[in-house]
There are 2 protein chains.
Amino acid sequence: MTKHPLIKALALSLTVAAGPAMADELMERANSNFEPIPKYPPVIDGNELTQAKVELGKMLFFEPRLSSSHLISCNTCHNVGLGGDDELPTSIGHGWQKGPRNSPTVFNAVFNAAQFWDGRAADLAEQAKGPVQAGVEMSSTPARVEETLKSMPEYIERFENAFPTSEEPVTFDNMATAIEAYEATLITPDAPFDRYLRGDEDALNDKQKEGLALFMDRGCTACHSGVNLGGQDYYPFGLVSRPGGEILPEGDKGRFAVTETASDEYVFRAAPLRNIELTAPYFHSGAVWSLEEAVAVMGTAQLGTELDDEEVQSIVAFLKSLTGEVPEVTYPQLPPSTAKTPKPVDMVP
Amino acid sequence: MTKHPLIKALALSLTVAAGPAMADELMERANSNFEPIPKYPPVIDGNELTQAKVELGKMLFFEPRLSSSHLISCNTCHNVGLGGDDELPTSIGHGWQKGPRNSPTVFNAVFNAAQFWDGRAADLAEQAKGPVQAGVEMSSTPARVEETLKSMPEYIERFENAFPTSEEPVTFDNMATAIEAYEATLITPDAPFDRYLRGDEDALNDKQKEGLALFMDRGCTACHSGVNLGGQDYYPFGLVSRPGGEILPEGDKGRFAVTETASDEYVFRAAPLRNIELTAPYFHSGAVWSLEEAVAVMGTAQLGTELDDEEVQSIVAFLKSLTGEVPEVTYPQLPPSTAKTPKPVDMVP
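Conventions used here
Residue indices begin from 1 for each chain and proceed along its sequence in written order. Chains and ligands are labelled sequentially in the order written, the chains with letters from A and the ligands with numbers from 1. Two thresholds apply to this predicted model, a pLDDT of at least 70 for residue-level local features and 80 or more for giving and counting side-chain atom pairs, whereas whole-chain, interface and lining totals are computed over all residues. Where side-chain values are given, they derive from all heavy atoms of the structure, hydrogens and water being excluded. Secondary structure elements follow DSSP: runs of H or I of four or more residues count as helices, runs of E of two or more count as strands, with numbering from the N terminus. Each radius of gyration is computed over the set of C-alpha atoms, and the globule rule expresses the reference value as 2.2 Å times the number of residues to the power 0.38. With a 1.4 Å probe rolled over the protein chains alone, any residue whose accessible area is under 20% of its type maximum counts as buried; one over 50% counts as exposed, and the rest are partly exposed. Contact definition: two residues touch when any of their heavy atoms are within 4.5 Å. Exposure was quantified through the Shrake-Rupley algorithm and a 1.4 Å probe, taking into account, for residues, occlusion by the shown protein chains and nothing else. Asp and Glu are treated as the negative residues and Lys and Arg as the positive ones, with His and the ends of the chain left uncounted. Charged side chains are reduced to one point each, which is NZ for Lys, CZ for Arg, CG for Asp and CD for Glu. Cysteine sulfurs are considered disulfide-paired once they come within 2.5 Å of each other. Here the copies were fitted onto each other by least squares, based on C-alpha atoms from residues at pLDDT of at least 70 in both. Centre distance within 6.5 Å is the pairing criterion for rings of Phe, Tyr and Trp, where only the six-membered ring of Trp is used; planes under 30 degrees apart are then read as stacked, over 60 as edge-to-face, and the remainder as tilted. A quick way to say it: buried area is the sum, across both parts, of accessible area lost when two parts are put together, with a 1.4 Å probe. Only one rule defines a salt bridge in this text: a Lys or Arg side-chain nitrogen within 4 Å of an Asp or Glu carboxyl oxygen. Under the rule applied, a polar contact is a pair of N or O atoms within 3.5 Å (in protein, one hydrogen donor and one hydrogen acceptor; residues adjacent in sequence only if both atoms are side-chain atoms). Each residue gets one label: Ala, Val, Leu, Ile, Met, Phe, Trp, Tyr, Cys and Pro are nonpolar, Asp, Glu, Lys and Arg are charged, and the others, such as Gly, are polar. An automatic or database domain assignment is the source of the domain bounds shown. UniProt positions are given in the numbering used here, feature names are shortened, and annotations may be inferred rather than shown by experiment. What the arc covers is the set of directions going from the helix axis to the C-beta atoms. The angle between two axes is taken between their N-to-C directions and runs from 0 to 180 degrees, where each axis is a line fitted to C-alpha atoms and a helix contributes only its stretch in contact. If an angle is under 35 degrees, it is roughly parallel; if it is over 145, roughly antiparallel; if it lies from 65 to 115, roughly perpendicular; otherwise it is oblique. Left-handed is the label given to a crossing in which the near helix is rotated counterclockwise from the far helix by less than a right angle, and right-handed is the label when the rotation is clockwise.

K.L.:
Explain the overall build of chain A to me, please; I cannot follow it from the model alone.
P.N.:
Counting its regular elements, chain A contains 13 helices and 2 strands. What you see for chain A is a C-alpha radius of gyration of 21 Å, in line with the 20 Å of a compact globule of 349 residues. Considered along the principal axes of its C-alpha atoms, chain A spans approximately 70 × 40 × 30 Å. Within chain A, the proportion of its 349 residues that are buried is 58%. Here the analysis covers contacts within chain A between residues at least 6 apart in sequence; of these, 73% occur between residues at least 24 apart. Summed over its atoms, the accessible surface of chain A is roughly 14000 Å², and 51% of this surface lies on carbon and sulfur atoms. Charge separation in chain A, taken as the distance between the mean sites of 27 positive and 51 negative side-chain charges, equals 3 Å.

Here you go:
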């Protein structure tokens, strides 16, 4: 993947909707840059998606008792009814503390190469362990989580069924593995763009096709390609021109905190763009509420291009074709606490 | 309904499981005190449960943007996966403030004569307006709610379909009416006790039948009868012997705040007991985590009776027969915010 995508615009955008031949060419180019969301959850190495494990993972995803307050679950910040995130600039966690970065969507997260804005978790299982322990998020500990889950007979049985070969099924690690299995089912296939990639010319309207052509011509694809149109690699935010501190706060140096390499200052994982119209506000700072503005900022900051209003509108129209079918989620019934269940922690630590 | 239920125990409890004749007598007595949860939602005067209205009400029930923080929805404190409440002593609301009383379950709330621990709302529609506006809960205003809902075209359309005769469909009042319609569907029929009331002798085991007999003999039914085993009328907490301040905080005088009548000091609506095993901790103070302890406290405080361990266990076994079938809830998909949607309020007011 090219890291410095200063590809100049071609004239294609003006002629794209001219006829079937051109439409086919556009479709071909799109298929060389992107892939449709598969209709079924992917296979995860070392984590078979059994029904018992996925169902347990769903319960854990909605389980507020994984937080020490008993108020916050994964779904609080990755709300499956709100595009898989919380629509807040940065999340609110334990004791009403604010997290440092915008909550990414859980939908299609399984297709990202790594998790978090700085890619510090290799996969969803590793990711799931972070917020549970973070003081500003769920503020719990592995020991407390295990004590909590072991206090409820239904969880013990469900962990045994989900992890039949584990000697000790109820563990913090298995909690994370089950959550990963559930999250792998949270994919949103059949967006108009997916139907287009599969050959349905009419799935995108002319404006969206124009936006798609622009998206590729201007070089957005250098960072935003593949199945998730992003989420695969790391790039400096402000490659050409660094945005102001309100969008790119100076205190958050991104991937530098993970690698401690100078060239990783202000480097972030390129945001996956699936369902992007559902997940405002934008960027790791959550500072930008309008998708139009976010596209324009990307133009100047990453591509050194001042996109005009019509170009921005076309790209936004294309981005809205990335909204897929959200899976139907039946709310899980969680077992009641028992006398052995640790009580909610009343105070901010 | 008798307000001073100092009915002395009969000897029935010792002989209840002796044979079919006695079982029939017990069933008959039970049917004279209680009613089964109906299999279908009840009819609500002036609020027809159309599909459009119920579906809209479900969206609003799960809608965190009804709170000024955009974090808290009805489901936060009335969690349909946790017995319809939050399993906290008192709820956590806007800015991590603590509410004054334990969050009651939304399940079967439609069968209560009035809402809140002090009955200050006549019905669920009136109730729904309270937490949305309360500074310690969702901390919003009717104007902000209407502005929020009107900012999203899908909500406008759904309100129009749900309230086809309203000249102004998107209103705070209609929000509450739709939520009431949805909540009326959150009923939990087919508990073992319901099957027993309908004639299935084997639906309760001997211990539960013993508990049922005791429950009636000792006079618990004076306050806890009808379809919800409570929720119908108001009684002083500490009728015979007032519990300590940890269970009955001095600052909370209950219904006195509603009626300003001296005799209503420390008067509360009798708690409905449906699904009670799922809704710890107990009492308006949420101070008691164990159902056994709650039953024992009721014995001394309300009946002047020191129930022995076996009696407590029997009554608890009976109470566990009140756990019904929770309705399947499909998580609603909420429309994305628009440029006109009021932004979340960042700070505690």
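Resuming the write-up.
K.L.:
Where do I start with the state of the cysteines in this structure?
P.N.:
By definition, a disulfide links the sulfur atoms of two cysteine residues through a covalent bond. Residues and elements named next belong to chain B. The full count for this structure, using the stated rule, is 0 disulfides over all chains. Counting only cysteine sulfurs, C74 is the nearest neighbor of C77, a cysteine outside any disulfide, at a range of 9.1 Å. Residue class for C77 comes out buried when judged on its relative accessible area of 11%.

K.L.:
When you look at the relation of the copies chain B and chain A in this model, what are you seeing that I'm missing?
P.N.:
What relates the two chain copies is a rotation about an axis together with a slide along it. You can overlay chain B on chain A at an RMSD of 0.0 Å; the transform is a turn of 180° with a shift of 0.0 Å along its axis. The symmetry that links the two subunits is that of a two-fold axis. When each C-alpha of chain B is compared by its distance to the rotation axis, T330 of chain B comes out closest, at 2.2 Å.

K.L.:
Whenever I open this one, the packing of aromatic side chains confuses me. Can you help?
P.N.:
To describe a pair of aromatic rings, one takes the distance between the centres and the angle between the planes. All names here are of chain A. Under the counting rule described, the total for this entry stands at 21 aromatic pairs over all chains. With 5.1 Å between their ring centres and 50° between their planes, F237 and F283 make a pair best called tilted. Of the two residues, F237 sits in the loop between β1 (234-236) and α11 (256-259) while F283 sits in the loop between β2 (267-269) and α12 (291-303), which places them 46 residues apart along the sequence. By relative accessible area, F283 is classed as buried at 11%.

K.L.:
So what exactly am I meant to see when it comes to the interface of chain B and chain A here?
P.N.:
When the parts of a complex come together, some accessible area is lost, and that lost area is often taken as the interface size. Contact residues are listed per partner, giving 39 residues for chain B and 40 residues for chain A. Both sides together, the interface formed by chain B and chain A hides about 3300 Å², and carbon and sulfur atoms give 64% of it. Among the residues of chain B in contact with chain A, L71, W96 and Y331 of chain B are the three that bury the most area, contributing 24% of the side total. Linking chain B with chain A are 2 salt bridges, by the criterion used here. Residue R65 of chain A pairs with E87 of chain B through a salt bridge whose shortest N-O separation is 3.5 Å. Counting the contacts that link chain B with chain A gives 14 residue pairs in polar contact (both at pLDDT 80 or more). When its residues are assigned to classes, the side of chain B that touches chain A shows 19 nonpolar, 12 polar and 8 charged.

K.L.:
Would you mind showing me how to read the domain arrangement of chain A here?
P.N.:
Residue and element names in this part refer to chain A. Under the domain assignment, chain A is made up of domain 1 (24-39 + 189-321) and domain 2 (51-185). On a C-alpha basis, the centres of domain 1 and domain 2 stand 27 Å from each other. With 27 residues of domain 1 at the contact, the number on the domain 2 side is 23 residues. With both chains or domains summed, domain 1 and domain 2 bury close to 2000 Å², and 51% of this area falls on carbon and sulfur atoms.

K.L.:
Would you take a moment to explain helix α3 (residues 51-61) of chain B for this structure?
P.N.:
Along an α-helix, residues three or four apart share an orientation, since each turn contains 3.6 residues. Residues and elements named next belong to chain B. Judged by how many residues are buried, α3 sits mostly within the fold: 8 of 11 residues are covered. Among the residues of α3, those classed as buried are K53, V54, L56, G57, K58, M59, L60 and F61. The elements touched by buried residues of α3 are α4 (74-77), α6 (142-150), α7 (153-162) and α8 (172-183).

K.L.:
Which parts of the structure should I look at to understand the UniProt feature "binding site: heme c 2" (unreviewed entry) in chain A?
P.N.:
Residues and elements named next belong to chain A. Here, UniProt's "binding site: heme c 2" (unreviewed entry) annotation points to C220, C223, H224 and M298. Across 79 residues, the annotated set stays spatially compact, with a maximum C-alpha separation of 11.3 Å. Residue position: C223 is located in the loop between α10 (206-217) and β1. Residue classification places C223 among the buried positions, given a relative accessible area of 11%. Mapped onto the elements, H224 comes out in the loop between α10 and β1. For H224, a relative accessible area of 12% gives the class buried.

K.L.:
Explain helix α6 (residues 142-150) of chain A here, please?
P.N.:
Restricting attention to buried positions, one finds in α6 of chain A the residues R144, V145, T148 and L149 of chain A. Viewed along the axis of α6 of chain A, the buried residues span an arc of 130°, placing them on a single side of the element.

K.L.:
Whenever I open this one, the packing of α3 of chain B against α8 of chain B confuses me. Can you help?
P.N.:
Two packed helices can be described by the angle between their axes and the distance between those axes. Residues and elements named next belong to chain B. Closest axis-to-axis distance for the α3/α8 pair is 7 Å, and the angle between their directions is 100°. In terms of orientation, α3 and α8 fall into the roughly perpendicular class. For the pair α3 and α8, the contacting residues are K53, V54, L56, G57, K58, L60 and F61 in the first and M175, T177, A178, I179, A181, Y182 and E183 in the second. Partitioned by chemical class, the residues of the contact of α3 with α8 number 9 nonpolar, 2 polar and 3 charged.

K.L.:
So what exactly am I meant to see when it comes to the side chain of D118 of chain B here?
P.N.:
Relative to the helices and strands, D118 of chain B is located in the loop between α4 and α5 (124-133). Within polar-contact distance, the side chain of D118 of chain B engages the side chain of R101 of chain B at 3.0 Å.

K.L.:
I keep staring at the side chain of Q127 of chain B and nothing clicks. Help me out?
P.N.:
Residues and elements named next belong to chain B. As for its position among the elements, Q127 is in helix α5. Residue Q127 is classed as buried on the basis of its relative accessible area, which comes to 12%. Residues contacting Q127, with those up to four places away along its chain left out, are Q115, F116, A121 and E183.

K.L.:
Please clarify how the environment of S151 of chain A should be interpreted in this entry.
P.N.:
Residues and elements named next belong to chain A. By the element assignment, S151 lies in the loop between α6 and α7 (153-162). For S151, a relative accessible area of 6% puts it in the buried group. In this structure, the C-alpha to C-alpha distance between S151 and T90, residues 61 residues apart in sequence, is 33 Å. With residues near it in sequence (within four places) discarded, S151 still touches T338, K340 and T341.

K.L.:
Could you clarify how one ought to interpret the pattern of salt bridges in this entry?
P.N.:
It is possible for side chains bearing opposite charge to pair when their charged atoms get close. Applying the stated criterion across every chain yields a total of 26 salt bridges over all chains. A salt bridge links E265 of chain A to K253 of chain A; its shortest N-O distance comes to 3.7 Å. Here E265 of chain A, found in the loop between α11 and β2, pairs with K253 of chain A, found in the loop between β1 and α11; they are 12 residues apart in sequence, far enough to count as distant. With a relative accessible area of 31%, K253 of chain A lands in the partly exposed category. Of the charged contacts in the structure, one is a salt bridge between E63 of chain B and R65 of chain B, with a shortest N-O distance of 2.8 Å.

K.L.:
Before we go on, may I ask you to explain the packing of α12 of chain A against helix α13 (residues 309-320) of chain A in this structure?
P.N.:
All names here are of chain A. Two elements in contact, α12 and α13, have axes whose closest approach is 9 Å; the angle formed by their N-to-C orientations is 115°. One way to sum up the angle between α12 and α13 is to call them roughly perpendicular. For the element pair α12 and α13, the recorded crossing hand is right-handed. Here α12 contributes L291, E292, V295 and A296 to the contact with α13, which in turn contributes V312, Q313, I315, V316 and L319. When its residues are assigned to classes, the contact of α12 with α13 shows 7 nonpolar, 1 polar and 1 charged.

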